[in-house]
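# Working through the structure, step by step
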Amino acid sequence: MSAVDQTAPVFDVRNVSKTFVSGEHRVKALESVSLKVMRGQCLAVVGESGSGKSTLANLLLGIHQPTTGDLYLDGNLLPGHRTLPLRRMIQLVQQNPLSSLNPRRTVGASLRLALDVHDIGDRQGRKERVGALLEEVGLPADFASRYPAALSGGQRQRVAVARALACEPEIVVLDEPTSALDVLVQARVLRMLDELRRRRDLTYVFITHDLGVVRNIADRVAVFEKGRLVEESDTETIFTNPANPYTRRLISAIPIVSDEEETLRRSLMEETNDG
Amino acid sequence: MTALLDIRDLTLSFRGVEGENRVLHGISLNVAKGEKVALVGESGSGKSVTARIILGLLQEQRSTRVSGAVEFDGQDLEAMPAKARHRLRGTDISMIFQDPTSSLNPVYPVDVQFHEVLKRRNPKITRAAARERAADALRDVSIDDAKRVLDSYSFQLSGGMNQRVMIAMALANEPKLLIADEPGTALDVTVQAQTLHLMRDLVERKHTSVLFISHNLGVVREFADRVYVIYKGNIVEEGPTHALFSDPGHPYTRALMAAVPKITGGGIPEIPDRSESFSEPIVVHPATEASS
Amino acid sequence: AAAPALAETVLRLDEVAVGELDPGKASDYADSILMFNVYDTLVIPAQGAPGHVPHLAESWSADGETFTFKLRDDVKFQSGNPMTAEDVVFSLERMQALGQGLSYLFNVVEKAEAIDDTTVAFTLKEPYAPFIASMVRLPIVDKKLVMENLGDGDGEMKDWGQAFLSGNSAGSGAYTVSSHNPQQETVMQKNADYFLDIPDAAPDTVRLRYGLEPATVRTLISQGEHDISSQWLPPEVLKALADDGAQLLTESGTGGFYVKMNTKKPPLDDPECRLALSKAFDYVSAIKMIAVTPDVSQGSPATGAIPVGMLGANPSDDILTSDMDAAKKHLDSCEMAPEDFNLEISWIAEVPLEERFALLMQANFAQLGVKSEIKKMPWALFAEQVSKPENTPHISQLFVNAVTGDPDTLLYGMYFSDAAGTWQSPEYLDDAEVDELLTQGRTTTDEAGRAEAYKKLNARLMEIAPTIYGYDRQSVFAASDRVKVPALSDPSKAFGLDGMGFTFRLMEMQEGS
Amino acid sequence: MSPVVRLLAKRLSISVIVLIGVSMLIFMIARVIPGDPARIALGPNATAEQVEQLRQKLHLEDPIWVQYGYFLRNLAHGDLGISLYTNRPVTTDIAQFLPATLELVFVAGVFMVGLGIPLGILSARYRGRMADNLIRVVSLLGVSAPSFVWAVILMLLFAFFLPLFPIAGQISDTIPTPHRVTGFLLVDSLLDGDFTAFFNALHHIILPAFALALSGIGQAARLTRANMVETYDKPYIEMAESYGFAPGRIANKFAFRPSLIPSLTIIGLDFAAMLGNAFLVEAVFAWPGLSRYGVQVILRKDLNAIVGTVLVISAMFLIVNIIVDLLIAYINPRIRLANGGRS
Amino acid sequence: MRRTFLILASNPMSLFGLFLIGVVVFSAVFADFIAPFPEHRGAVVDFTNFNQPPHWPNIFGTDLVGRDLFSRIIYAYRISLMLGVVVLSIAVPIGVTVGLAAGYLGGWVDFILMRLTDVFLSVPPLVLAMAIMGVLEPTLTNGMLAVTAMWWPWYARLVYNVTRSEAQEGYVLAAQIIGASRLHIMFMEILPNCVPSIVTKMTLDLGFVILIASSLSFLGLGVQAPTPDLGSMVAEGGNYLPDSWWLTVFPSLAILIAVFGFNLVGDALRQVLGSDQ
Ligand SMILES: Nc1ncnc2c1ncn2[C@@H]1O[C@H](COP(=O)(O)OP(=O)(O)OP(=O)(O)O)[C@@H](O)[C@H]1O
Ligand SMILES: Nc1ncnc2c1ncn2[C@@H]1O[C@H](COP(=O)(O)OP(=O)(O)OP(=O)(O)O)[C@@H](O)[C@H]1O
Ligand SMILES: [Mg+2]
Ligand SMILES: [Mg+2]
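Residues numbered from 1 in each chain as written. Chains lettered and ligands numbered in written order. Predicted model: local features only at pLDDT ≥ 70, side-chain atom pairs only at ≥ 80, totals over all residues. Heavy atoms only, no water.

## Quick look at the overall build of chain D
Quick note on the threshold: Helix numbers and strand numbers start at the N terminus; a helix is a DSSP run of H or I with at least 4 residues, a strand a run of E with at least 2. Accessible area is worked out with a 1.4 Å probe on protein chains only. A residue is then buried under 20% of its type maximum, exposed over 50%, and partly exposed in between. Contacts are assigned to residue pairs with any non-hydrogen atoms lying within 4.5 Å of each other. Lys and Arg are tallied as positive, Asp and Glu as negative. Neither His nor the chain termini are counted. Positions of charges follow a simple convention, taking NZ of Lys, CZ of Arg, CG of Asp or CD of Glu.
Assigned secondary structure in chain D consists of 15 helices and zero strands. Dimensions of chain D, computed from C-alpha atoms along their principal axes, come out at roughly 85 × 55 × 40 Å. In chain D, which comprises 343 residues, the proportion classed as buried is 58%. Taking contacts inside chain D between residues at least 6 apart in sequence as the whole, the part at least 24 apart equals 72%. Here chain D contributes 26 positive and 21 negative side-chain charges, whose respective centroids are spaced 11 Å apart.

Here it is, written out as structure tokens:
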């Protein structure tokens, strides 16, 4: 795994559009988006609510099909219907940790599902694996017998991550994985995600609207506004030299706690006003 | 400085099937007239229950036990007859809830709900007059097409719109005290920032006192004059915003502050789940000169 | 002289589910009440005595197989049309053509002829002694009116006026139909132009309600909103009404409660087994069960196959009783061992009383060591199942009565071998001697000879026991004190024909009601 | 086309499909009910040839799909055939008996909604307290005995022991029946301007309607309570409480209406189910309704009448459901304004 | 488990419900020991003591053929409970499967299954029962089949509605993304979340099923004499009101106790299940 080609795109999104038709309304959720996700990287997708972030995630996961355009995985055209091996390769962590876990199944059962479906390990081995997975996301193994209601929000989100990892995916799409959590828990979960990525050599597509989070976890950033990709570059550039006024506005909206942040933000805002 | 709201040694326990569960361990806090006070702490630390006690919502439940004093405008809420306490709600005290979309009734349009709210102050107000007042209030929160919003249902409006509707409602009766329970955690950052600005302007214009509840110190820093930090039902630190931010005294406060991801980078700090030091005694920052 | 205008009197009574207004189809009790009041027959039974008296006919004569009736000339139908011999011929032909209800009574009639306006002659295919008795079941229909109202149908007579007559009356009776809702009620008014005098005391209006629940009747009568109950009330309800002050009316002598055994199904194909069961039946408890008050009961002890008072019946003190020892003896000679029995005792869902008899029998038979199973059947299902011997339950319970008052109409349908396969004959009896005696009973013309034949028949039917003769049935009605019904309370006024007691013109409404 | 109109059109066309399904089902069912309709109609003494003739006439010898074809052809002319039981066209019978049942069920429905829902609201508002427990006990009483027994008990209580209500029928014998316009006595008497008849008919309908409604009242109360208790946990109720709205107003306005949406479907189904179950109550109160007619024709295997009656009852059932759907659309803005929002 | 019990026990109403169910089940199981006249459940007639109001030793009075009503009611619990359990244990799985399939799979499956449900819902139950009786022997077993035929559509409707809303939940999406089969998602993921609604309806239905036996026996289906059955006892006794009131009142009370017990516990169970463990 160490010899990964860091320059080859895992995902290649080529000129993809997605239009939803509901009744008489047509919603252009994505408009000619082209994007590459590099192996082993964390790509942050930011943008305000309704800008098409989740739609992109749904296309990557095969939940929806693009209206026009194509998706390539490792250079191969992704089929509309995902086979089990393809499903196994790409996993999702959802925004709402409460609804993403079945309230009436134990944490263990939810984790076992992935192992059973993909036939990972033997019967006895699976049980141990569940424990190992929980420990990997920083939870005691005996949580396997708990129900989601008996977990805090942060713990639930860790379980959701563990479930995604259970399939041993190469790519994990995280759709606002921490926005329902309080700051302390968010920090813990983010840290865990970061460590996991490094440990397992994962590729992340990290959807969020919080640029503060992005700064600390992402390698590259894609900024969406109303279904269009308005800016894409590496994290450092986005924060020190954002090209797009919308990106600047996003940065300036972040609540800050320290004076150095204040300085950074002020400098960005001045630029905006100039522009 | 007279306190509009003065809470002293408030405790709260819930009686459950597995025995009693103490949630507040004797907290004291006060809010002066025109002051914006923040109450910060992690999820489950007891912020919302405090707010609900101030409104008298929890005392009415049979599974709760409350002790301590809550004084509002010089009157002891506990000693007050239930009716009188009831009368304060929606008039002298109002509250903004965390999740704007689900806090508006899904089967009534905004104007009907606004009308109900306005009737709290002026029971005889007609629907038409209420609409006028509501439209004004909505304009105050920078909603241009007030008419359309008034005729809409919560699910037809964006979260940010709903949040503004809630703020407009909460301020419509010119309350003396506004309780804002994590307004905007459910919104995206840009909208959240906008609403904070709006709220600050409005309360300053109307000299409303605010008790601002949040788990995000960053948000608090933008908004509050003074901050209380609460940890597991205890106030652990208290002081004027800038003093507290420039010199956080309590380990827990420091942890909170560190947890906010910074746009300057620096990685994600390691936050312990629990630390002995979080239970250290309260740190009080002396008030700087009377707030302006 | 103008009599002071009396308040109109209303009589309210009820019957089971539905009233058939078409006289050609009338068969059950409710239909009979309608028929006897809205239509007239050539003869009617004599009151308090055997035999028949002229009614629409003035007189009649029999000559071998020809019966000639002289009709009254003063009878007008309710439509105003005069009643003539043509109408009589039409009525008979209509009945025969429809083939429903009691039309089988006229299967022996070869033809009817109108000799002149007031003379009609019936020619029979073979001698038939009870023919005069059958005439109480030939209501005379207004031919002209019917012909004017023929509905759709094939042939010359189209539907024979069925559509019209199911909702309208075309009779000459003492009462005219003012409204008829087959499910709810039929309302009748006194016919001012009736050819006989109707006493003033007779009710002006009669409301015959259908399908009332026992509890409803119970309440209605107690509240003074109902006058005569149906006979189908359970004894307990009748008793409760009597305790509340209602009078009890009775009508008796034409039928019985019969427990019929399927003689085509083992083990009941063996007379010994049947005899064992009929000896085991607890006749005394049966009578107790149907007692309403110490004096009034829904039946009296049976003495044999023919109810007491009917031609060929045993004397009333010669009652049947259970005899366990005899039963055991019979059972010993029965071919099948008692432990191999599994008798199916059916009861008709619409008659709750039968459930109790089923239980009684089950208990009685159990004393012999005979196992049985109880099976509830709605009437329609029962009527369907008895059409084949293999589907017919071992034991069926039926109330059967002589529709004309003559034993022939009671027994022939039940026991004649060719008549098997109807609801009346779930025995499927096939006994040459019984057939012979039944034929003798209907063809012998002199009364004494007939009595002799039926006596023998009675004895034979006891000997081969196709049936357990439960009790002689008596209909009991609860009535308010607003009404007096001599035909149902004074034996010397009784007609001895089911339903005839409800001749409204003979009833008296009490003043001040 | 407004969403409501679209909804109505969709529901109507679905109902037609369902009705066709019902007609096929009932057509088959009617033919497997035991008993030979011709034999039952002709009586026990008819000869085999007569039975055979009638069977020919009724097309009973044809394959069932051919019979169904005849049925559809006649149906197109509004002809449901002749009832063997009343010897009248089935349509005449239905026209005569249907209004009585509809009237009864409608008034029962008014009781069910008018009593059941308020009881449910009270119960939810005082959940866990004495009033709640009492209402729960009372509403279970309603479902613990069949409507037949309730009918008898009510009749005894309010007509026998305490003669407050009339016992049987739709209207007193002494009162001239209003001109038949709609067949609904309550409506016809009003059309005649005859208030004596109106109040008399109203007086007659109360007990049977109540007996019929009892189990529905219980169910409506339980359902309303359950859904409202859930609604009480919603954030918007806490918000209403924080504004100090009166508890009664919160219950009746803010909590009730949202929780009505899920209960309404079931209440509607219960309401419609009364159409088929009214026969026991109709029997006790001598109510000349269609439900009772239906049972009679089933027992007599009157094929045309069975098919006709069941079709009419099913159609009523579907109509009630459509009305309920429209009501829900009216109450629930999400449906009324379909596609207007996010989510 | 402990929590479930604690919640049940903490509410006097549900505790009372548990007690009532206990009484009913105990009666059914130990009828032979409780009933003062066990032989009266069968073909016994006693015309020296029939139709009598409550008196010693017939504390609930005697029926129309002289059997002890109290003993018969005790035994009737057996058959009534059996009836309820059997009917529901057939109707519920059918209804649940139909509802799940229609709600989750959608499209044509939804259309066909739900229209079929509508058809069955809109045909009056009695007609359905008659039809079953026509094809099959009128035995108790087939009677139960008939009740089942009229019962499943209600569950189909209920489960359909719940499924439609549950299918929107994140956990369903999660299972799909993992690649779980449709069967797994329907039965292992969605079904457990329908359980509270199903349980609530089932506890209420148990009483209805007991009552429906009375309309069935009206048609000759269902329980046959002399086996005691509460529904038929109530319905038949109704004819003898008000005079022989004990014939109706005691069996009705017996049904009430059962219905009541199950409902109280059902309410509490809903609370427990609904509270996500
Ligand atoms: N299934 C769908 N049917 C119709 N419209 C849809 C659907 N899914 C998304 N949309 C629309 O597409 C647009 C983009 O939605 P999307 O969920 O991708 O936004 P987002 O950036 O994830 O927002 P958020 O931050 O609120 O999650 C929105 O206008 C949304 O209403
Ligand atoms: N009705 C209740 N019954 C029992 N316990 C309760 C109830 N409401 C709140 N609690 C408990 O009280 C504690 C404080 O809750 P509170 O809602 O005040 O937290 P919070 O600080 O507002 O958290 P958040 O940031 O998640 O809103 C929690 O441990 C919670 O579990
Ligand atoms: Mg999204
Ligand atoms: Mg909170």
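## So, the pairing of strand β7 (residues 171–175) of chain A
Residues and elements named next belong to chain A. As a reminder of what qualifies: By the convention used here, strands pair only if DSSP detects at least 2 bridges between them. With strands facing away from the observer, any crossover in which the path from the first strand over the helix to the second runs clockwise is taken as right-handed.
Counting buried residues along β7, five of its five residues qualify, which places the element largely inside the surrounding structure. Every second residue of β7 is oriented toward a common face, with Ile171, Val173 and Asp175 on one face and Val172 and Leu174 on the other, all of them buried. Both strand β6 (residues 90–93) and β7 contribute to a ladder of four bridges, which runs parallel. Residue pairing across strands places Leu92 opposite Val173, the latter belonging to β7. Bridge analysis of β7 against strand β8 (residues 203–208) gives five bridges, and the strand direction is parallel. Bridged to Val172 within β8 is Tyr204. In the classification by handedness, the crossover that spans β7, the intervening helix α6 (residues 183–200) and the parallel β8 is right-handed.

## Some words on the UniProt feature "domain: ABC transmembrane type-1" (unreviewed entry) in chain D
Spelled out, the test is: UniProt positions are given in the numbering used here, feature names are shortened, and annotations may be inferred rather than shown by experiment.
Mapped onto this numbering, the UniProt entry gives "domain: ABC transmembrane type-1" (unreviewed entry) at residues 98–328 of chain D. Within residues 98–328 of chain D, the helical portion is 78% and the strand portion 0%, while the C-alpha atoms at the span's ends are 27 Å from each other.

## Focus: the interface of chain E and chain D
Quick reminder of the rule: Note on definitions: salt bridges are taken to be side-chain nitrogens of Lys or Arg within 4 Å of carboxyl oxygens of Asp or Glu. Two N or O atoms form a polar contact when they lie within 3.5 Å of each other; inside protein one atom must be a possible hydrogen donor and the other a possible acceptor, and for residues adjacent in sequence the pair counts only when both atoms belong to side chains. Three classes are used, and their members are as follows: Ala, Val, Leu, Ile, Met, Phe, Trp, Tyr, Cys and Pro are nonpolar, Asp, Glu, Lys and Arg are charged, and the others, Gly among them, are polar.
Opposite the 43 residues of chain E that make contact, chain D presents 46 residues. Inspection of the chain E/chain D interface yields zero salt bridges. Between chain E and chain D we count two residue pairs in polar contact (both at pLDDT 80 or more) in total. If you list the elements that add at least two residues to the side of chain E that touches chain D, you get α5 (107–122), α6 (125–135), α7 (140–166), α9 (182–218), α10 (230–237) and α11 (246–274) of chain E. For the side of chain E that touches chain D, the element with the most residues is α11(E), which contributes 10 residues. A breakdown of the residues in the side of chain E that touches chain D according to their chemical character gives 29 nonpolar, nine polar and five charged.

## As for the site of ligand 2
Residue and element names in this part refer to chain B. Quick note on the threshold: Throughout this document, a residue counts as near a molecule or strand when at least one of its heavy atoms sits within 4 Å of that molecule or strand. Only the protein chains shown count as cover for residues, with accessible areas throughout obtained via the Shrake-Rupley method and a probe of 1.4 Å.
Near ligand 2, the surroundings consist of Phe14, Val23, Glu42, Ser43, Gly44, Ser45, Gly46, Lys47, Ser48, Val49 and Glu182. At a separation of 2.9 Å, an oxygen atom of ligand 2 approaches a polar backbone atom of Lys47. Here an oxygen atom of ligand 2 and a backbone polar atom of Val49 are 2.8 Å apart. Relative to its free-state accessible area of 630 Å², ligand 2 is covered by the protein chains to the extent of 65%. Of the residues in the shell around ligand 2, the class split is three nonpolar, five polar and three charged.

## Points about the arrangement of the chains
Counting contacts across all eight pairs of chains found in contact, the highest total belongs to chains D and E. With respect to C-alpha atoms, chain A approaches chain C no nearer than 47 Å, and the pair has no contact. Separated throughout, chain B and chain C approach each other most closely at a C-alpha pair spaced 48 Å apart.

## Quick notes on a nonpolar patch on the surface
Residue and element names in this part refer to chain E. We apply this condition: Only residues above 30% relative accessible area that lack a salt bridge enter a patch, with like-charged residues linked at up to 9 Å and the nonpolar side chains Val, Leu, Ile, Met, Phe, Trp and Tyr linked at up to 5 Å.
Together, Val25, Phe26, Val29, Phe30 and Phe33 make up a nonpolar patch on the protein surface, roughly 510 Å² of accessible area in all. Counting residues per element, the nonpolar patch draws most heavily on helix α2 (residues 12–29), which supplies three residues. Within the element layout of this structure, Phe26 appears in helix α2. Since its relative accessible area comes to 46%, Phe26 is described here as partly exposed.

## Some thoughts on the pattern of salt bridges
When the charged atoms of two side chains lie near each other, side chains of opposite charge can form a pair. Scanning the model with the defined rule gives 79 salt bridges over all chains in all. Of the charged contacts in the structure, one is a salt bridge between A:Glu170 and A:Arg39, with a shortest N-O distance of 3.2 Å. Of this pair, A:Glu170 sits in the loop between α5 (153–166) and β7 while A:Arg39 sits in the loop between β2 (25–38) and β3 (42–46), and the two are 131 residues apart along the sequence. Residue A:Arg39 is classed as buried on the basis of its relative accessible area, which comes to 19%. Note that B:Asp225 is salt-bridged to B:Lys36, the shortest N-O span being 3.7 Å. In this pair, B:Asp225 sits in the loop between α9 (217–223) and β9 (226–231) while B:Lys36 sits in strand β3 (residues 36–40), placing the two residues 189 residues apart along the sequence. Given the relative accessible area of 3%, B:Lys36 is considered buried.

## Some points on the nonpolar core
What counts, and what does not: Joining through side-chain atoms within 4.5 Å is the link that ties buried Ala, Val, Leu, Ile, Met, Phe, Trp, Tyr and Cys residues into a set, and such a set is a nonpolar core.
The biggest cluster of nonpolar side chains holds 365 residues, and the ones touching the most others in it are B:Leu29, B:Phe114, B:Leu138, B:Ile179, B:Phe212 and E:Trp151. Ranked by the residues each element gives to this core, the list is headed by helix α4 (residues 69–105) of chain E, at 16 residues. Setting aside chain neighbours within four positions, we find E:Trp151 in contact with E:Leu88, E:Ala91, E:Asp205, E:Phe208, E:Val209 and E:Ile212. Counting 81 residues, the second largest nonpolar core, distinct from the first, contains C:Phe122, C:Phe164, C:Val485 and C:Phe502.

## Some details on the site of ligand 1
Residues and elements named next belong to chain A. Taken together, Phe20, Val27, Ala29, Glu48, Ser49, Gly50, Ser51, Gly52, Lys53, Ser54, Thr55 and Glu176 form the complete shell of residues around ligand 1. Take Gly50: an N or O atom from its main chain is 2.7 Å from an oxygen atom of ligand 1. Take Gly52: an N or O atom from its main chain is 3.0 Å from an oxygen atom of ligand 1. When the free accessible area of ligand 1 is taken as 630 Å², the share hidden by the protein chains comes to 66%. Only β2 and α1 (53–61) provide two or more residues apiece to the shell around ligand 1. Sort the elements by how many residues they give to the shell around ligand 1 and α1 lands first, with three residues. Looking at the shell around ligand 1 residue by residue, the classes come out as three nonpolar, six polar and three charged.

## Concerning the sheet that holds strand β5 (residues 66–71) of chain C
Residue and element names in this part refer to chain C. Selection criterion: For helices, the axis comes from a line fit to the C-alpha atoms of the stretch in contact; other axes are also lines fit to C-alpha atoms, and the angle between any two N-to-C directions lies between 0 and 180 degrees.
Taken in spatial order, the four strands make up an open sheet running β4-β5-β7-β6, and their pairing is antiparallel. In the strand order of this sheet, the two ends are held by β4 (57–63) and β6 (109–116), each with one partner. Strand-to-strand twist of the sheet, defined as the mean angle between neighbouring strand axes without regard to direction, takes the value 20°. Pairing analysis gives six bridges linking β4 to β5, with the strands arranged antiparallel. Across the sheet, residue Asp63 finds its bridge partner in β5, namely Thr66.

## With respect to the environment of C:Gln184
Structurally, C:Gln184 can be placed in the loop between β8 (175–181) and β9 (185–190). For the pair C:Gln184 and C:Met361, spaced 177 residues apart in the sequence, the C-alpha separation amounts to 37 Å. When residues no more than four places from it in sequence are discounted, the contact partners of C:Gln184 are C:Leu208, C:Arg209, C:Tyr210 and D:Pro288.

## Comments concerning the state of the cysteines
Under the convention used in this document: The rule for a disulfide is simple: a pair of cysteine sulfur atoms within 2.5 Å.
Applying the stated criterion to the full structure yields one disulfide over all chains. Each sulfur in the disulfide pair C:Cys273 and C:Cys334 lies 1.8 Å from the other. With the S-S bond torsion at 70°, the cross-link from C:Cys273 to C:Cys334 turns out right-handed. One end of the pair, C:Cys273, is in helix α8 (residues 271–280); the other, C:Cys334, is in the loop between α10 (324–333) and β13 (343–348), with 61 residues separating them in the sequence. Owing to a relative accessible area of 0%, C:Cys273 belongs among the buried residues under this scheme. Classification of C:Cys334 by relative accessible area gives buried; the value is 7%. Distance from the sulfur of A:Cys42, which forms no disulfide, to the nearest cysteine sulfur (A:Cys167) is 19 Å.

## Looking at the confidence of the model for chain D
All names here are of chain D. What counts here: Looking at any residue, its pLDDT shows the predictor's confidence there, from 0 to 100.
Taken over all residues, the pLDDT of chain D has a mean of 85, while the share at 70 or more is 96%. Within chain D, no element has a lower average pLDDT than helix α2 (residues 37–42), which sits at 74, and none a higher one than helix α5 (residues 90–125), at 92. Taken together, the stretch residues 339–343 has pLDDT below 50 and engages in 13 contacts with residues farther than four places along the chain or on a different chain. If you check the scores for this complex, the pTM reads 0.85 and the ipTM reads 0.82.

## Digging into the UniProt feature "transmembrane region" (unreviewed entry) in chain D
Residue and element names in this part refer to chain D. The positions that UniProt labels "transmembrane region" (unreviewed entry) are, in the present scheme, residues 12–33, 104–122, 134–162, 197–218, 259–285 and 305–331. For residues 104–122, the helix share is 100%, the strand share is 0%, and the end-to-end C-alpha distance is 27 Å. Measuring from the first to the last C-alpha atom of residues 305–331 gives 38 Å, for a span that is 100% helix and 0% strand.

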